[in-house]
Amino acid sequence: MEIQLWKEVLTPYDLAVKELIVKFEHLMKEYKNHGMYSPIEQVTGRVKSISSILEKAQRKGIPLENVEEEMYDIAGIRIICQFVEDIQLVVEMIRKRSDMQIRDERDYVNHVKESGYRSYHMIVGYEVETLFGSKMINVEIQIRTLGMNFWSTIEHSMQYKYQKNIPEHIKKKMLKAAEAIVVLDSEMSAVRGEIMDAQNMMQIQSNMISDILNNIQNLYHLANKREIAKIQDEFYRIYEMNDMEQLERFGRELDIIAEGYRAQALDQN
Ligand code: 0O2
């Protein structure tokens with residue numbers, strides 16, 4: 001196939017990856033806005049390069065005209081979680097969505113690959129609207145922890161370096177490293193509750209401060225300078241106390257003042 005034609009074939013995949021990144025990032029934002037812990041820490045995505053498609057097609061004996069049907073990871077999304085427990089939450093979240101049809105799932109978290117690779121894979125059907133109508137395409141979603149991602153990124157570079165023939169002694173080292181990641185993930189899981197509480201608390205405080213600042217900013221145009229200066233001084237005084245209850249009380253009072261001026265903060269997070 002001509003390079004130009006490949007580019008055309010890959011256009012809807014590029015759209016799918018972009019749309020899905022926006023959708024998952026928006027979910028993260030919604031969690032934050034609600035002061036809730038997000039099981040998604042980071043989202044990335046890529047369209048497989050033409051050279052990787054050709055290499056994989058050759059390796060797996062996929063005829064080029066069947067690549068779109070038989071190669072499931074031309075569009076790839078990677079969801080990174082902080083904790084192993086979050087992976088299942090993300091899986092459930094994806095299963096419930098109406099814009100993604102589950103085609104296949106592979107649990108390499110509980111069924112670790114021979115190499116030591118761990119990750120949860122989902123193949124979903126996702127529809128994109130293009131100039132030539134709608135098109136249903138396959139997207140591979142890989143869900144893994146920060147630790148699993150660290151390991152697989154390094155191992156992937158090794159595979160590239162040794163052209164998929166990693167020497168035995170390095171394979172052994174990578175297996176040991178994979179075991180260390182399992183231990184690290186489980187140690188982290190043991191303090192998940194505490195870390196989640198701390199992060200929730202930080203998020204709630206940050207949302208509260210951002211609402212207060214928005215209110216003060218809106219009041220600048222409406223209230224008189226002396227009242228604004230008083231509110232500002234009070235805010236700094238309470239902020240320095242580092243007391244959430246006081247901050248919450250101040251935020252509520254400020255809401256009432258802003259309401260009086262019809263200057264209540266809109267969500268600007
Ligand atoms: P790239 O370069 O990341 O795109 P199968 O048909 O089941 O034998 P398939 O279709 O490759 O194999 O599916 P599988 O095994 O679920 O792997 C899909 C992707 O998962 C791979 O894509 C890798 O990204 C990742 N992966 C799977 N196994 C390993 C592993 O041992 N190490 C690392 N680092 N990643 C792995 P590609 O096309 O192989 O590679």
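Owing to the predicted nature of the structure, the values given are computational and were not obtained by experimental measurement.

Now for the packing of helix α8 (residues 225-241) against helix α9 (residues 244-260). Where α8 contacts α9, the axes come no closer than 9 Å and their chain directions differ by 160°. Classified by the interaxial angle, the pair formed by α8 and α9 is roughly antiparallel. Taken as a pair, α8 and α9 cross one another with a handedness that is left-handed. Of the residues in α9, those in contact with E227, I231, E234, F235, I238 and M241 of α8 are Q246, L247, R249, F250, L254 and I257. Partitioning the contact of α8 with α9 into residue classes produces 8 nonpolar, 1 polar and 3 charged.

Contact pair helix α7 (residues 192-220) / α9: the axes reach a minimum separation of 10 Å and the direction vectors enclose 30°. Viewed along their axes, α7 and α9 adopt a mutual orientation that is roughly parallel. Crossing hand, α7 versus α9: left-handed. Every residue of α9 that contacts α7 at M201, I204, Q205, M208, I209, I212, N215, I216 and L219 is listed here: M244, L247, E248, F250, G251, L254, D255, I257 and A258. Residue composition of the contact of α7 with α9, by class: 13 nonpolar, 3 polar and 2 charged.

The next subject is the sheet that holds strand β1 (residues 42-47). Spatially, the 5 strands line up as an open sheet ordered β1-β2-β5-β4-β3, and their pairing is mixed. Since the sheet does not close on itself, it has two edges, and those belong to β1 and β3 (101-107), each with one partner. The average angle at which neighbouring strand axes cross in this sheet is 25°, direction not considered. Here strand β4 (residues 120-130) runs beside strand β5 (residues 133-145); their pairing, made up of 11 bridges, is antiparallel. Residue pairing across strands places M122 opposite I141, the latter belonging to β5.

In this section: the nonpolar core. The biggest cluster of nonpolar side chains holds 42 residues, and the ones touching the most others in it are F24, I77, I79, I94, V139, I141 and I143. Elements with a minimum of two residues in this core: α1 (3-33), α2 (50-60), β2 (75-81), α4 (84-96), β4 and β5. Beyond its immediate stretch of four places on either side in the chain, I77 contacts V17, L20, I21, F24, V43, T44, G45, V139, E140, I141 and Q142. The next biggest cluster of nonpolar side chains, apart from the first, holds 14 residues, and it includes A223, I231, F235 and F250.

Around the ligand sit 18 residues in total, of which K48, R106, K113, S115 and E155 are the nearest. Between the ligand and R106 there is a distance of 2.4 Å, counted from an oxygen atom to a side-chain nitrogen or oxygen. Between the ligand and H121, the relevant distance is 3.2 Å, taken from an oxygen atom to a side-chain nitrogen or oxygen of the residue. Protein burial of the ligand: of its 740 Å² of free accessible surface, 75% is covered by the chains. No other element matches helix α5 (residues 146-161), which puts 4 residues into the shell around the ligand. The class makeup of the residues in the shell around the ligand is 2 nonpolar, 6 polar and 10 charged.

We now examine the domain arrangement of the protein chain. Each assigned domain of the protein chain is listed with its residue range as follows: domain 1 (3-175) and domain 2 (195-268). For domain 1 and domain 2, the distance between their C-alpha centroids amounts to 41 Å. Of the residues lining the interface, 8 residues belong to domain 1; the matching set on domain 2 comes to 8 residues. Buried surface at the junction of domain 1 and domain 2, both sides included, amounts to about 650 Å², of which 52% is carbon and sulfur. Where domain 1 packs against domain 2, one counts 0 salt bridges. Where domain 1 touches domain 2, the interface holds 4 residue pairs in polar contact (both at pLDDT 80 or more).

Calculation notes
- Residues numbered from 1 in each chain as written.
- Predicted model: local features only at pLDDT ≥ 70, side-chain atom pairs only at ≥ 80, totals over all residues.
- Heavy atoms only, no water.
- Axes fitted to C-alpha atoms, helices over the stretch in contact; angles between N-to-C directions.
- Helix = DSSP H or I, 4+ residues; strand = E, 2+ residues; numbered from the N terminus.
- Parallel < 35°, antiparallel > 145°, perpendicular 65-115°, else oblique.
- Left-handed = near helix turned anticlockwise from the far one by under 90°.
- Contact = heavy atoms within 4.5 Å.
- Nonpolar A, V, L, I, M, F, W, Y, C, P; charged D, E, K, R; others polar.
- Pairing = 2+ DSSP bridges.
- Core = buried A, V, L, I, M, F, W, Y, C linked by side-chain atoms within 4.5 Å.
- Buried < 20%, exposed > 50% of the residue type's maximum accessible area, 1.4 Å probe, protein only.
- Near = heavy atom within 4 Å.
- Polar contact = N/O pair within 3.5 Å; in protein donor to acceptor, adjacent residues only side chain to side chain.
- Areas by Shrake-Rupley, 256 points an atom, 1.4 Å probe, with all protein chains shown as cover.
- Domains from an automatic or database assignment.
- Buried area = accessible area lost by both parts, 1.4 Å probe.
- Salt bridge = Lys/Arg side-chain N within 4 Å of Asp/Glu carboxyl O.

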